[in-house]
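# Examining the three-dimensional arrangement
Spelled out from the first residue to the last, the chains are:
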Amino acid sequence: MKKMILAALGILVLAACSDKRQFTVEGTIDGAKDSVAYLHRMTVEGAELLDSVVVAQDGSFRFRSAAPEAPDFYVLRIGSQLINFSVDSTETITLNASWPGMASNYEVEGSENSQAIKELTLMLKDLQQRVVAVQRNGSLSQEVFADSLQHMIDAYKQEVSNRYIFSAPQKPQAYFALFQTLGPWNIFDRFDRKDLKAFGAVATSWDTYYPESPRTQNLRSITLKNMRDQRVADARRQQTLDESKIVESGVIDLQLSDNHGQTRTLTELQGKVVLLDFHAFSLPESGARILLMRELYEKFHGQGLEIYQVSVDNDEHLWKQAVANLPWISVRDVYGQASSIYNVQAVPEYFLIDRSNTLQKRSVQMDDLEKEIRALL
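Report on the accompanying structure. (Residues numbered from 1 in each chain as written. Predicted model: local features only at pLDDT ≥ 70, side-chain atom pairs only at ≥ 80, totals over all residues. Heavy atoms only, no water.)

### Some remarks on the packing of helix α2 (residues 112-135) against helix α3 (residues 142-165)
α3 packs onto α2 with a crossing angle of 170° between their chain directions and a minimal axis gap of 10 Å. Classed by the angle they form, the pair α2 and α3 counts as roughly antiparallel. Mapping the contact onto sequence places Ala116, Glu119, Leu120, Met123, Leu124, Leu127, Arg130, Val131, Val134 and Gln135 in α2 and Phe145, Ser148, Leu149, Met152, Tyr156, Glu159, Val160, Arg163 and Tyr164 in α3. Split by residue class, the contact of α2 with α3 holds 13 nonpolar, two polar and four charged. (Axes fitted to C-alpha atoms, helices over the stretch in contact; angles between N-to-C directions. Helix = DSSP H or I, 4+ residues; strand = E, 2+ residues; numbered from the N terminus. Parallel < 35°, antiparallel > 145°, perpendicular 65-115°, else oblique. Contact = heavy atoms within 4.5 Å. Nonpolar A, V, L, I, M, F, W, Y, C, P; charged D, E, K, R; others polar.)

### Quick notes on the packing of helix α7 (residues 286-300) against helix α10 (residues 369-376)
Here α7 crosses α10 at 25°, and the two axes come no closer than 12 Å. Judged by the inter-axis angle, α7 sits roughly parallel to α10. Considering only the axes of α7 and α10, their crossing is right-handed. Two secondary-structure elements touch here, α7 through Leu296, Lys299 and Phe300 and α10 through Leu369, Glu370, Ile373 and Arg374. Class assignment for the residues of the contact of α7 with α10 results in four nonpolar, no polar and three charged. (Left-handed = near helix turned anticlockwise from the far one by under 90°.)

### Concerning the sheet that holds strand β16 (residues 349-353)
Spatially, β15-β14-β13-β16-β17 is the arrangement adopted by the five strands of the open sheet, whose pairing is mixed. With partners counted over all chains shown, the strands left at the sheet margins are β15 (329-332) and β17 (359-362), one partner each. Across this sheet, the average inter-strand angle for adjacent strands is 20°, counted without regard to direction. Two elements, strand β13 (residues 273-279) and β16, share five bridges in a ladder whose sense is antiparallel. Within the sheet, the bridge partner assigned to Phe278 lies in β16 and is Glu349. Along the sheet, α7 makes contact with β13, β14 (305-311) and β16, crossing β14 at roughly 155°. (Pairing = 2+ DSSP bridges.)

### Some remarks on the environment of Phe199
Structurally, the position occupied by Phe199 is in helix α5 (residues 193-209). Note: C-alpha distance between Phe199 and Asn226 (27 residues apart in sequence) is 9.9 Å. With near-sequence residues (within four places) excluded, Phe199 lies in contact with Leu178, Phe179, Phe188, Asp189, Arg190, Leu219, Ile222 and Thr223.

### Some words on the sheet that holds strand β8 (residues 106-109)
Read from one edge to the other, the open sheet built from four strands follows the order β4-β1-β7-β8, with strand pairing classed as mixed. The open sheet is flanked by β4 (60-66) and β8, the only strands paired with a single partner. Taken over all neighbouring pairs, the strand axes of this sheet differ in orientation by 15° on average, direction set aside. Strand direction decides the pairing type here: strand β7 (residues 92-98) and β8, joined by four bridges, are antiparallel.

### Let's talk about the pattern of salt bridges
Opposite charge on two side chains permits pairing when their charged atoms draw close. Counting across every chain of the model gives 20 salt bridges. One salt bridge connects Asp72 with Arg215, and the closest N-O pair in it is separated by 2.8 Å. One end of the pair, Asp72, is in strand β5 (residues 72-78); the other, Arg215, is in helix α6 (residues 214-237), and 143 residues separate them in sequence. Pair check on accessibility: Asp72 and Arg215 agree, each one buried. Measuring nitrogen to oxygen at the nearest pair gives 3.0 Å for the salt bridge that ties Asp126 to Arg130. Taken as a pair, Asp126 and Arg130 lie in helix α2 at a separation of four residues, close to a single helical turn. Each member of the salt-bridge network shares a partner with another, and the members are Arg41, Glu48, Asp72 and Arg215. (Salt bridge = Lys/Arg side-chain N within 4 Å of Asp/Glu carboxyl O. Buried < 20%, exposed > 50% of the residue type's maximum accessible area, 1.4 Å probe, protein only.)

### Regarding the packing of aromatic side chains
The description of an aromatic ring pair uses the distance of the two centres, along with the angle that the planes make with each other. Under the criterion given, the structure shown has twelve aromatic pairs. Taking 6.0 Å as the distance between ring centres and 35° as the angle between the ring planes, the aromatic pair formed by Phe73 and Phe176 counts as tilted. Of this pair, Phe73 sits in strand β5 while Phe176 sits in helix α4 (residues 172-178), and the two are 103 residues apart along the sequence. We note that Phe73, like Phe176, is buried. Ring plane angle 65° and centroid distance 5.0 Å describe the contact between Trp206 and Tyr210, whose orientation is recorded as edge-to-face. (Phe/Tyr/Trp six-rings, centres within 6.5 Å; stacked < 30°, edge-to-face > 60°.)

### Quick word on unusual backbone geometry
Cis geometry marks the peptide bond from Trp99 to Pro100; its omega dihedral reads 0°. With respect to the helices and strands, Pro100 occurs in the loop between β7 and β8. Look at Asp34: it is not a glycine, yet its phi comes out positive at around 70°. When you line up the elements, Asp34 lands in the loop between β1 (22-30) and β2 (36-42). Classification of Asp34 as partly exposed rests on a relative accessible area of 48%.

In structure tokens form, the structure reads like this:
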């Protein structure tokens, strides 16, 4: 009798396991035998490792994992090579690739959404190559380079918006497109009025189809906040400008959004000595540099020093966490226009602006930053 009961329980357990909703991703990667392939789920918080397998002698691999409740994004990785794809059900997705170069040299079957993500990936790679070609053209001035870069980005956004976002905003590829990056910068800027329409379209559709998804909740939050900030900015612009407050400046002005969504400029700081600092919080040495900046700020802020720090970080969440408790002005250079204007080739880079709002020196002209600040104060 006991054996019968145990057998029955075993059948029930097997049945329960077989009822679990799973998806499968499988295929072959030519030239990658004996390599370790990893399956990651790309959550709102970051990458989550789900499983790993050794690629077989014939290049084959196979993963099975729990199917998501709403469309989500995954990565197949070998070394530094990634293939992005999406899963929204219990489908079987086949990825056939060649190593090396599998990030762009692959075929996908069983998922139209993942095929669209591949198309977006290849389009972005083409854009990156064109940008690099323009950067290497030493005959172009910074102004011409910035104009060319902006033209390429605008054309890219227009095509992606028409083909992948507004045509089907409820699809995973629409969400994926919103968060594509060019180097350290987001292509679609949630602080930009035109781009915010794309964020709004996707947020509305996902709120209709997948209201409980963490991605929906995150997208809804950032979209509503930035729409509210736009309305506040519009109201301020409609106010009559006091002509007595219009000033001429000896500095190329910047208009960038801070971590609270407010537009901050360099000209608003006339009357102060400004340390214009270009920084990347993703760099290993960031922590030590921020400590140095804090020392300078605490020592001289009371005497009239202000820090206008421009982040070139791609990860907005990382940036906002890093600057949450910093006392100075923290903005982000989404498209790299500020970096181009000031000819920033690498970070950290910094400049000093005097009380009359005139640019005085850049880092290579200063041996002792503290001494230079004291002289301007």
